[in-house]
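What follows is the residue order along each chain.
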Amino acid sequence: MIAHGFVANGAKVYISSRSAGVCDKVAAELSKMGPGQCISIPADLQSLAEVQRLVAEISKHESLVHVLVNNAGATWGESIKTYPDQAFEKVMNLNLKRVFSLTQAMLPLLQKAGTKEKPASIINIGSVDGIHIPTQETYAYSASKAALHQMTRVMAGHLGEKHITCNAIAPGPFESKMMAATLKNFGEQIVSNVPLGRIGQPEDVAATCIYLASRAGAYTTGAIIPVDGGTLVKAKH
C-alpha cells in the first residue's frame, strides 16, 4: 500500500521482503503502473547479515536515500499460559531490534539526502495495539510496537541535528497480509469498533507517509500518528 502510493506519485522505490517471488512480483506490478519505479531487493530482515546485505545492495545504486519506511513485522497470538519463548524472540527481533539495525545501517545514505529545510525522513510503522490494550493476546506484538513508538521519539531527539526526521504511524485495521486472518474471523466486530465504520484503505496510510516524507511534514518529528478511523478514541481500555 505504501510503496504503491510513492510509486504513483513518481518516486523511485526499493522494496524488500523475505519472500523473493512475492517481492519481485509486486515490484514489477508497481513499476508497470508507474509513473515512478519499484525495484525488488529480497532480504530476510530477521538476520543482521541480511540487513547489512540489503543496505550494501542499495548503496551500489544510490548515493543517498530520502525516505526510509520501516514496515517489516510479525505477530503472534496465544494464551499467556502457553505463549512460546521463541515467538516472543521472533516478534521483538523483527518489530523492534531490526528496525534499529536497518535504520543504523541506512544513516549514511539518509544523512547525505537531508538538509535543514528538507530533511530526510524515517517512518516507522507502529500500531494502535502499542497504545491501547488489544482484545487479542498478542503480548510480544503489542510490547514491540509500544517500544517502537518510544524508540521513534528517541531517534527523533538525536537525529534532528543530522537533518533527519523520525516519526511513527500507528495504523488501525487495514487489509494487510498480517491482518487477513483476523479480519476474516473478527471483521464485523473490528469494524463495529471503528467510529468511521470501515477498515483502512491503501490511500489512508500511503498519504500519511507521503505527508511525512514531503515538505508538508518537514517540521514534524517525534510524532506518533494514529491512522485508525478513530479506533483509539472509542477504545474501552
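Predicted model only: the values in this text are computed from it and were never measured.

**Student:** Looking at this structure, how should I read the side chain of T208?
**Tutor:** With respect to the helices, strands and loops of the structure, T208 is situated in helix α7 (residues 202–213). With a relative accessible area of 14%, T208 lands in the buried category. Discounting chain neighbours no more than four positions away, the residues touching T208 are I169, I225 and V227.

**Student:** Mind showing me how you'd approach the packing of helix α4 (residues 85–113) against helix α5 (residues 139–159) here?
**Tutor:** Packed helices, taken two at a time, are described by the angle their axes make and the gap between the axes. Axis separation between α4 and α5 bottoms out at 8 Å; the angle between their running directions is 20°. It follows that α4 is roughly parallel to α5 by the angle criterion. α4 and α5 meet at a crossing whose hand is right-handed. Of the residues in α5, those touching α4 at F88, V91, M92, N95, L96, V99, F100, T103 and L107 are Y139, A140, Y141, A143, S144, K145, A147, L148, M151, M155 and L159. In the contact of α4 with α5, the residues fall into 16 nonpolar, three polar and one charged.

**Student:** Sorry if this is basic, but what is going on with unusual backbone geometry here?
**Tutor:** Most peptide bonds take the trans configuration, and most residues that are not glycine carry a negative phi. Here the residue pair G34 and P35 is connected by a cis peptide bond, since its omega of 0° sits within 30 degrees of zero. Note that P35 resides in the loop between α2 (20–33) and β2 (37–40). Backbone geometry at H163 places phi at a positive 65°, although glycine is not the residue there. Look at H163 and you get partly exposed, because its relative accessible area is 28%.

**Student:** Would you mind going over the sheet that holds strand β5 (residues 164–171) with me for this structure?
**Tutor:** The pairing of strands in a sheet comes from backbone hydrogen bonds and takes either a parallel or an antiparallel form. The strand order β3-β4-β5-β6 describes an open sheet built from four strands, whose pairing is parallel. Each edge of the open sheet carries a strand with a single partner, namely β3 (67–70) and β6 (224–227). Ignoring strand direction, the axes of neighbouring strands in this sheet form an average angle of 20°. Where β5 and β6 come together, four bridges link them in parallel fashion. Note that in β6 the partner of I169 across the bridge is I225. Sitting on the sheet, α5 is in contact with β4 (120–125), β5 and β6, with an inclination near 160° to β5.

**Student:** Help me understand the pairing of β3 in this model?
**Tutor:** As a general feature of sheets, a regular strand has side chains that alternate between the two faces. Taking every second residue as pointing to the same face, the buried face of β3 carries L68 and N70, while none of V67 and V69 on the other face is buried. Across four bridges, β3 lies against β4 in parallel orientation. From the neighbouring strand, V67 faces β4, where its bridge partner is S121. A crossover links β3 with its parallel partner β4, the connecting element being α4, and its sense is right-handed.

**Student:** Explain the pattern of salt bridges to me, please; I cannot follow it from the model alone.
**Tutor:** Side chains that differ in sign of charge can pair as their charged atoms come close. For the structure shown, the criterion picks out four salt bridges. Between E57 and K60 there is a salt bridge, and its shortest N-O distance comes to 2.9 Å. With E57 and K60 both in helix α3 (residues 48–61) and three residues apart, the pair spans about one turn of that helix. Overall, E57 belongs to the partly exposed group, its relative accessible area being 24%.

Conventions adopted
- Residues numbered from 1 in each chain as written.
- Predicted model: local features only at pLDDT ≥ 70, side-chain atom pairs only at ≥ 80, totals over all residues.
- Heavy atoms only, no water.
- Helix = DSSP H or I, 4+ residues; strand = E, 2+ residues; numbered from the N terminus.
- Buried < 20%, exposed > 50% of the residue type's maximum accessible area, 1.4 Å probe, protein only.
- Contact = heavy atoms within 4.5 Å.
- Axes fitted to C-alpha atoms, helices over the stretch in contact; angles between N-to-C directions.
- Parallel < 35°, antiparallel > 145°, perpendicular 65-115°, else oblique.
- Left-handed = near helix turned anticlockwise from the far one by under 90°.
- Nonpolar A, V, L, I, M, F, W, Y, C, P; charged D, E, K, R; others polar.
- Pairing = 2+ DSSP bridges.
- Right-handed = clockwise from strand over helix to strand, strands pointing away.
- Salt bridge = Lys/Arg side-chain N within 4 Å of Asp/Glu carboxyl O.

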